[in-house]
Amino acid sequence: MKQKKILILGGGLAGLSTAWHLQEGGISCQVFEKENEVGGLCRSKKVGAFTFDHDGHLLHFRHKDIFNLVKGLLGDNLVEHKRHASVYAFNRFTPYPFQANLHGLPMDVVKECLAGFVDAHNGGPASKDENFLRWIKGTFGDGIAKYFMVPYNTKFWTVSPQHMTCDWLDGYIPQPTMAQVIEGTLEESHRQLGYNAHFWYPREGGIGRLPQAFKERLKNIHTGFEVARIDLKSREVYFTNGVKKSFDRLISTIPLPELADIIADVPGEIKDAFRKLRWNSV
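Residues numbered from 1 in each chain as written. Predicted model: local features only at pLDDT ≥ 70, side-chain atom pairs only at ≥ 80, totals over all residues. Heavy atoms only, no water.

1. Some remarks on the pairing of strand 10 (residues 227–231)
- Sheet topology places strand 10 next to strand 11 (residues 236–239); 4 bridges connect them, and they run antiparallel. Bridge pairing links Ile-230 to Val-237 in strand 11.
- In textbook terms, the turn of a hairpin is the stretch between consecutive antiparallel strands, and for strand 10 and strand 11 this stretch comprises 4 residues, one of which, Arg-235, has a positive phi near 55 degrees. (Pairing = 2+ DSSP bridges. Helix = DSSP H or I, 4+ residues; strand = E, 2+ residues; numbered from the N terminus.)

2. What about the pairing of strand 1 (residues 6–9)?
- Burial along strand 1 is two-sided: the face carrying Ile-6 and Ile-8 and the face carrying Leu-7 and Leu-9 are both buried.
- Pairing geometry for strand 1 and strand 13 (residues 249–252), over 4 bridges, is parallel. The residue bridging Ile-8 from the neighbouring strand is Ile-251, located in strand 13.
- Since strand 1 and strand 2 (residues 30–33) lie parallel, the crossover through helix 1 (residues 13–24) that links them has a hand, and here it is right-handed. (Buried < 20%, exposed > 50% of the residue type's maximum accessible area, 1.4 Å probe, protein only. Right-handed = clockwise from strand over helix to strand, strands pointing away.)

3. Topic: the pattern of salt bridges
- Across all of its chains, the model carries 10 salt bridges by this definition.
- The shortest N-O distance in the salt bridge between Glu-216 and Arg-209 comes to 3.4 Å.
- Accessibility expressed as a relative area gives 26% for Arg-209, which makes it partly exposed.
- Between Lys-244 and Glu-236 there is a salt bridge, and its shortest N-O distance comes to 3.5 Å.
- If you follow the salt bridges from partner to partner, you end up with Arg-209, Glu-216 and Arg-217 in one network. (Salt bridge = Lys/Arg side-chain N within 4 Å of Asp/Glu carboxyl O.)

4. Focus: the packing of helix 3 (residues 107–122) against helix 5 (residues 178–186)
- Where helix 3 contacts helix 5, the two axes come as close as 11 Å, and the packing angle between them is 170 degrees. For the element pair helix 3 / helix 5, the angle class is roughly antiparallel. For the pair formed by helix 3 and helix 5, the contact residues are Val-110, Leu-114, Phe-117, Val-118 and His-121 on the first element and Met-178, Val-181 and Thr-185 on the second.
- The class makeup of the residues in the contact of helix 3 with helix 5 is 6 nonpolar, 2 polar and no charged. (Axes fitted to C-alpha atoms, helices over the stretch in contact; angles between N-to-C directions. Parallel < 35°, antiparallel > 145°, perpendicular 65-115°, else oblique. Contact = heavy atoms within 4.5 Å. Nonpolar A, V, L, I, M, F, W, Y, C, P; charged D, E, K, R; others polar.)

Quick look at the structure:
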């Protein structure tokens, strides 16, 4: 039986891991990446004695199979770290997470945050059916929302929390107990809270070592191939360098906002849906 011709567009972690799993299953495929190196935003650049990541990628493993995969790729270069992070506010560094470390902040700020947290706590669990802003206030109170949660998340996501849903939370935001908040108010707490209190990261080479490790074990990785047009009817992909490739199966990991202008003959209602997407680059 003739094997299907499979093309994967995009050589970030999604495209590379897809290719790895296909290859492990004995299925051949080709990966096309527009940059001159794989990794997408998961890349690192060395400048002098320093290594800079294009974006923050700390590794957290909820599933043993994923840990075993990455450990197999990175070997002894994968090491565990204890988080040491702070929030700079009111001319001081407050240990992360802010909501469990009010000690040392201006007294009026402490009172407002603590009173708000008590009110929220007495109101019962916040509903995840609300928008993110309502969940923040219902979980942490108005004070913590005002001084940290709202400005931080607005800056991080580039979208106001009132325009975000809560279905992505899933344990990502530390929710200290009343006792832990009081403890962190009376004295400087060294308690580690949150899913990223411990994380894994390459010892050398930055996070870019992970996609490179994938590449070293994969066949048919093509860099410098930017997609110009995808014709779904003829099952062909046209690249800006003049190359054309046909396919039986196409797997795209190209960012969704870019696809509307790449796929030929996209229906008007689909283009309208693409235009409504909101995102940031991470």
